[in-house]
Each structure stands twice: as C-alpha cells, then as structure tokens.
Amino acid sequence: MHVLIVDRSAVWIMRSRLAIAVVCAALLLASHDIAAAQTPPVTASPRPAATPTLACPSVARTRLIVRERARVTEADGLNVRQGANTSAEVVGQIDDEAIVYVLEGPVCSARYAWYRVVVGDLEGWIAEAGGDGYYVEVYPPG
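Residues numbered from 1 in each chain as written. Predicted model: local features only at pLDDT ≥ 70, side-chain atom pairs only at ≥ 80, totals over all residues. Heavy atoms only, no water.

### Structural notes on the pattern of salt bridges
Put simply, the rule reads: What counts as a salt bridge is simple: a side-chain nitrogen of Lys or Arg found within 4 Å of a carboxyl oxygen of Asp or Glu. For the exposure calls, accessible area comes from a 1.4 Å probe over protein chains only, and a residue counts as buried if that area is under 20% of its type's maximum, exposed if over 50%, partly exposed in between.
Under the counting rule described, the total for this entry stands at four salt bridges. Put simply, Arg116 and Glu123 hold a salt bridge, and the shortest N to O gap is 2.4 Å. By relative accessible area, which is 22% here, Arg116 ends up partly exposed. Since its relative accessible area comes to 43%, Glu123 is described here as partly exposed. Among the charged side chains, a salt-bridge network with shared partners connects Arg71, Glu97 and Glu137.

### With respect to the state of the cysteines
Stated precisely, the cut-off is as follows: Cysteine sulfur pairs qualify as disulfides if the two atoms are within 2.5 Å. Runs of E in the DSSP output that reach at least two residues are strands. Runs of H or I that reach at least four are helices, and both are numbered from the N terminus.
Tallied over the full model, the rule gives one disulfide. Put simply, Cys56 and Cys108 are joined by a disulfide, and their sulfur atoms are 1.9 Å apart. Taking the sign of the torsion about the S-S bond as the criterion, the disulfide between Cys56 and Cys108, at about -80 degrees, is left-handed. Remark: Cys108 occurs in strand 4 (residues 99–108) and Cys56 occurs in the loop between helix 1 (8–38) and strand 1 (69–72); sequence separation between them is 52 residues. Assessed through its relative accessible area of 2%, Cys56 is described here as buried. Note on Cys108: relative accessible area 39%, which makes it partly exposed.

Interpretation in functional terms is not warranted from these geometric data alone.
Listed below in structure tokens is the structure:
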C-alpha cells in the first residue's frame, strides 16, 4: 500500500497553475473572437461580363492569331503586299489552301484588317477579309 503525502503548498501551486492555464485559454479564445469580429469577411466582388473588343471596328471580326498558322481560302490566290494598305506594292501571291505563319497584326484600315505573314521566302501583308468574305482562316495548331 502506497501513501501519498501532499502538503498544502503543493496543492496551492497546482491550483494556481491550473487557474493560469484556464485564464490563458480564455484570453486566447477571446482574442480570436475579437480578431474575427474586426476582420470583415472576404467576398468576391461581381465582375462585369466580358465583352470582346473589336480589333478593327469597321471590318469583319478578326479571327487570325499572331504566332499561329492560317490557311488561305481565296480561290484566286491572295496578294501579299509590302505594307498594310491597298496602295502598297504587291510583292507576291499566295495560292489557295497554302498555310502561312502570322507574324503581326491586325493593322486596321477602312476596309481591311491586315496581317503580316510569312510563307517560304515570301513575307508581307495580307488582308484577312473583305466585303465578299474571309480570305484566310485560322488553321489548327499542329
């Protein structure tokens, strides 16, 4: 049989430590509640619906993508010009179904959206579309 001898001062120290632990826990919980009450809830602000911006408002919607390929859909071929306008010198012609690489664009004029393209050794500016439809189309990556 074991006999436990505890003096009154040891009991008092244990009760004091327990009381301090309870007080600390209460303060910690209270500070958490205060911080939560002072911090406003985070809510997502509504974003306006995305509306596309027309690259060239006076012409058909542009579809070509810079640094991607495109395919000529103009049966008679497509003029390649030195600059992005109809008065620029024609430097070559691209055949129907030819695949081009789009380097730059669009540059807008009154009637056309122009893109700088390259195919083989031929580089210059083409019109994407006109009053009679698109002359080129996006070609799937691959």
